[in-house]
Amino acid sequence: MASLDISSPLIFKFNSSPKIWKLFNAKCPCHRNHIYKNKLSISLTNAISAPATATAVTQFGQRKQKIDTEHDPISILNERIQRDYSKRDTSRTLMDSKEADKYIKMVKEQQQRGLQKLKGERKRKEGGVFSYKVDPYSLVSGDYVVHKKVGIGRFVGIKFDVSKTSTEPSEYVFIEYADGMAKLPVKQASRMLYRYSLPNENKKPRTLSKLNDTSTWEKRKTKGKIAIQKMVVDLMELYLHRLKQRRPPYPKNLAMAEFVAQFPYEPTPDQKQAFNEVQRDLTERETPMDRLICGDVGFGKTEVALRAIFCVVSTGKQAMVLAPTIVLAKQHYEVILERFSSYSNMSVGLLSRFQTKAEKEKHFEMIKHGDLNIIVGTHSLLGSRVVYNNLGLLVVDEEQRFGVKQKEKIASFKTSVDVLTLSATPIPRTLYLALTGFRDASLISTPPPERVPIKTHLSAYSKEKVMSAIKHELERDGQVFYVLPRIKGLEEVMGFLEESFPNVEIAIAHGKQYSKQLEDTMEKFAQGEIKILICTNIVESGLDIQNANTIIIQDVQLFGLAQLYQLRGRVGRADKEAYAYLFYPDKSLLTDHALERLKALEEYKELGQGFQLAERDMGIRGFGTIFGEQQTGDVGNVGVDLFFEMLFESLSKVEEHRVISVPYQSVQIDLNVNPHLPSEYINNLENPMEIISLAEKAAGKDVWSLMQFIENLRRQYGKEPYSMEILLKKLYVRRMAADLGITRIYASGKMVGMKTNMSEKVFKLMIDSMTSDIHRNSLVFDGGQIKAELLLELPREQLLNWIFQCLAELHSSLPALIKY
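To start, this report covers the structure provided alongside it. On a predicted model such as this, the values are computed, not experimentally measured, just so you know.

**Observations regarding the sheet that holds strand 8 (residues 180–185)**
Spatially, the five strands line up as an open sheet ordered 8-7-6-5-9, and their pairing is antiparallel. Every other strand in the sheet has two partners, leaving strand 8 and strand 9 (193–195) as the edge strands with one partner each. Across the sheet, the mean angle from the axis of one strand to that of its neighbour is 45°, orientation sign disregarded. As paired strands, strand 5 (residues 144–147) and strand 6 (residues 151–162) are joined by four bridges and run antiparallel to one another.

**Quick look at the sheet that holds strand 26 (residues 779–781)**
A sheet is described by the order of its strands in space; here five strands give the open sequence 23-24-25-27-26, paired in mixed fashion. Each having just a single partner strand, strand 23 (668–670) and strand 26 make up the two edges of the open sheet. In this sheet, adjacent strand axes meet at a mean angle of 15° when their direction is disregarded. Bridging between strand 26 and strand 27 (residues 785–789) involves three bridges; their strand directions are antiparallel. In the sheet register, Leu-779 faces strand 27, and the bridge partner there is Ala-788. Contacts between helix 25 (residues 760–769) and the sheet are confined to strand 26 and strand 27, with strand 26 contributing the most and set at about 160° to the helix.

**Here's the deal with the packing of helix 22 (residues 688–701) against helix 24 (residues 722–739)**
Orientation of helix 22 relative to helix 24, taken along the N-to-C sense of each, is 25°, at an axis distance of 9 Å. What the angle tells us is that helix 22 and helix 24 run roughly parallel. Like other packed secondary-structure pairs, helix 22 and helix 24 cross with a definite hand, here right-handed. Here Ile-692, Ala-695, Glu-696, Ala-699, Gly-700 and Lys-701 of helix 22 come into contact with helix 24, specifically with Met-724, Leu-727, Leu-731 and Arg-735. Of the residues that constitute the contact of helix 22 with helix 24, the class distribution is six nonpolar, one polar and three charged.

**Focus: unusual backbone geometry**
Positioned with a positive phi, Asp-477 is a non-glycine residue whose angle comes to about 60°. Positive phi, normally seen in glycine, also occurs at Asp-555, with a value near 55°. Within the fold, Asp-555 resides in the loop between strand 21 (548–553) and helix 16 (561–568). Note on Asp-555: relative accessible area 24%, which makes it partly exposed.

**What about the pattern of salt bridges?**
Applying the stated criterion across every chain yields a total of 28 salt bridges. A salt bridge links Arg-714 to Asp-72; the shortest N-O distance between them is 2.8 Å. With Arg-714 in helix 23 (residues 703–717) and Asp-72 in the loop between helix 1 (54–61) and helix 2 (73–87), this residue pair connects regions lying 642 residues apart in the sequence. Taken as a pair, Arg-714 and Asp-72 share a single burial class, namely buried. When the shortest N-O distance is used, the salt bridge between Arg-339 and Glu-303 registers 2.5 Å. With Arg-339 in helix 9 (residues 326–339) and Glu-303 in helix 8 (residues 301–313), the pair connects residues that are 36 residues apart, well separated along the chain. If you follow the salt bridges from partner to partner, you end up with Asp-72, Arg-714, Lys-719, Glu-720, Glu-725 and Lys-729 in one network.

Rules and cut-offs
Residues numbered from 1 in each chain as written. Predicted model: local features only at pLDDT ≥ 70, side-chain atom pairs only at ≥ 80, totals over all residues. Heavy atoms only, no water. Pairing = 2+ DSSP bridges. Helix = DSSP H or I, 4+ residues; strand = E, 2+ residues; numbered from the N terminus. Axes fitted to C-alpha atoms, helices over the stretch in contact; angles between N-to-C directions. Contact = heavy atoms within 4.5 Å. Parallel < 35°, antiparallel > 145°, perpendicular 65-115°, else oblique. Left-handed = near helix turned anticlockwise from the far one by under 90°. Nonpolar A, V, L, I, M, F, W, Y, C, P; charged D, E, K, R; others polar. Buried < 20%, exposed > 50% of the residue type's maximum accessible area, 1.4 Å probe, protein only. Salt bridge = Lys/Arg side-chain N within 4 Å of Asp/Glu carboxyl O.

Printed below as a string of structure tokens:
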């Protein structure tokens, strides 16, 4: 038997069925109906609200009948509501219309700041919208491109040709489509063309578009727009959830000036800006910080983190510093230990796999009881054994190096503690959120005065080139990193180098070595005893050796673009000129994907370009978890670049895509539909006035509550008769109308009218996402009203059915819009 929540009579608790759900999130006050009872029927005219008694609710809960499983219109709508609601994180608090206004303004401001930080070659369009158009001269024959109006084609080349209106030859871009060749003047092409790429390695589209039939392309573009709207809503809800969290601002500590004075270098302008932004986040905001500090290796990201740690720990809270490798964690530990050495009340601990079980247990206890203020470590800090006493700040270094589960755990911290993420080449999702305004970002792109660009050489592998590079570095008394993608080849390289340089100290380092062995090797290399370190990408993050200014990377095609950028940053940490030698096997063995990565790395040789490289990486290797499986298909419809531009455009016009709900009581339904309930159903209900009142209250709350109420009603009493179905549809119509911003529904002859506050743009988006051609083709927008001209004048109950179906379709598109 279904149990009832007496304290909240609007919602009935029951075992959830495996039905799927769709169409969530509505605002809903309730329509009141005057009810009077006689022996034969209940006639519903206007509106009442009888207070539900605990007795009536209890009686309602005492009866249960098997529900008819026939899929009537109400059941279909209920399933749709359930499907949508099940996808939502119900812990997130929704906002009212005033909050939405304030919030949308904040997102727009942050988006503009994010876009200004991107210092690539992108051009601005009017209104600050980002342009991802491609320069036709940068295309290579065979590249796939997207023409905004025609669709996907294959670039053939740029040639001189004579137009019909001129005798002078001009340059034209030739593009092959499924049914012919198009030629476009270069100027026009530069305004309309985008490179076609997908969020994975497969760059080939399913089909080319047709010149003589653009309708398929328009449908694909529309699908992309709808997908983008849904993404925007999801991101806005996620961002709002973070904004809703509260913590008291940290006090502005006078001791901070003393701590800052210990920094031995003059900060760069970008560093100062990052310091100020982090300080404002911590001391002036009540919402937890979630800021990305993006800057090349050696540009001063760690100092920003140290000041944030001091601000938090000086108030008695704990800080966690999370690093992807033990090498980097140990380096952070030593830097923090040295920097905080004069503060006896601030203790620092390192937790790693190199510790004994007893040492780990001791650290767990100290963390739990608050005896450790700053905890440094690898992913073990995210384990269930680590219980924090009063965690205030999480610093994540190189988030892209962590696995999916660890990233999820990191994300779970973001609702309760301040988070600072440090990265030279942020993961695509992080970068994307920063650019679109859903995450704060500080870009440190100014190199310290002593830093000089790293000379990068990309070529096919040869032993002679390797020996020459090493010899040059050793002659100036420097040290060398020799990096391979796998442990397997390390010994072979060791043998070759020992033979070539018999009097030079050489060692191997990789993650599978015993802890003591690895620590000793790293220590000796740091002290200069070891001259050549043959290693895997374990040194990708954090090894700061001033005297190591040559890095050799073998089989470069097996590394990711961000990895290569990070590895290259291991050298050039001093005022000496640094060299990076990137070796690949025979070029004919490389995939197009690998060649594109190497080409990008050559392009971004200058200091401080990690941000641009990460953005390029997004286009080459995909978007990580920005898009789920479903959205990946939507991206494939139009390609990454056009999809991204449409996304930025959508964000810049976010307030135009809002549906502002109206109070439920304000909705007028002028249809004169007054159903009469059969006496046997009334007798079965026992207390029909209370049941009807509960139905009205549920509708008054929101569409989800109404759906739950109807499903409970059917569990208790079985499938309702037709007249009760009409009554429930009337409640649904009014509820959905309120959610859609519709204030009045009326009929005049064959014409149905709905007065609404939605804009024509929003109406068009809704129509585009409708699945039923019947409703899509019958609805028009005219001066603040949605109108439909029916083929004939319908009886009132049939007309209500038609309106119910129509609103259900419109309402199902709400997840694609900002529905507040």
